[in-house]
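# Fold and geometry: a report
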Amino acid sequence: MKTLRQVKIGSTAKVVKLHGEGAVKRRIMDMGITKGVDIYVRKVAPLGDPLEITVRGYELSLRKSDAEMIEVSDALD
């Protein structure tokens, strides 16, 4: 299983599955991160938290712990 946390900067990956439960999973889905969507990893902060991503045409910052709940397929580029 590869998570969004493991995707390299400048790469795009497709969401395969969301892990987690209840409010946490709902919050991730409310941000537009759902199964089948492409996510581009723009930047990662110096200490690895947060990640800056582009999803559905907008930019988003995501905590490292949340990124680890997002299972992705291998990078598309």
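An account of the accompanying structure is given in this report.

The rules behind each value
Residues numbered from 1 in each chain as written. Predicted model: local features only at pLDDT ≥ 70, side-chain atom pairs only at ≥ 80, totals over all residues. Heavy atoms only, no water. Pairing = 2+ DSSP bridges. Helix = DSSP H or I, 4+ residues; strand = E, 2+ residues; numbered from the N terminus. Core = buried A, V, L, I, M, F, W, Y, C linked by side-chain atoms within 4.5 Å. Buried < 20%, exposed > 50% of the residue type's maximum accessible area, 1.4 Å probe, protein only. Contact = heavy atoms within 4.5 Å. Salt bridge = Lys/Arg side-chain N within 4 Å of Asp/Glu carboxyl O.

The subject of this paragraph is the sheet that holds strand β4 (residues 51-55). Taken together, the 6 strands give an open sheet; going across it, the order is β1-β6-β2-β3-β4-β5, and neighbouring strands pair in antiparallel fashion. Each edge of the open sheet carries a strand with a single partner, namely β1 (2-3) and β5 (58-62). Pairing between β4 and β5: 5 bridges, direction antiparallel. Following the sheet pairing, I53 is matched in β5 by L60.

Now for the nonpolar core. Membership of the largest hydrophobic core comes to 19 residues, with the highest contact counts inside it found for L4, V15, I33, I39, I53, L62 and I70. When residues of this core are traced back to their parent elements, those giving at least two are β2 (12-18), β3 (38-44), β4, β5 and β6 (70-72). Residues contacting L4, with those up to four places away along its chain left out, are I39, V41, L51, I53, L62, A67, I70 and V72.

Here the focus is the pairing of β2. By the bridge criterion, 3 bridges tie β2 to β3 in an arrangement that is antiparallel. Bridging across to β3, A13 finds its partner in I39. Summarising the sheet, β2 and β6 pair through 3 bridges and their orientation is antiparallel. Paired with V15 across the strands is V72, a residue of β6.

Under the definition given, this model contains 6 salt bridges. The partner of K14 in a salt bridge is D38, with the nearest N and O atoms 3.2 Å apart. Pair noted here: K14 is in strand β2 and D38 is in strand β3, with a separation of 24 residues, a long-range link. Residue classification places K14 among the partly exposed positions, given a relative accessible area of 32%. Residue D38 is classed as partly exposed on the basis of its relative accessible area of 34%. The salt bridge involving E52 is made with R42; its shortest N-O contact spans 2.9 Å. Separated by 10 residues along the polypeptide, E52 in strand β4 and R42 in strand β3 bring together distant segments of the chain. The exposure class of R42 is partly exposed, given its relative accessible area of 30%. What you see here is one network of salt bridges that share partners, running through R42, K43, E52 and E59.

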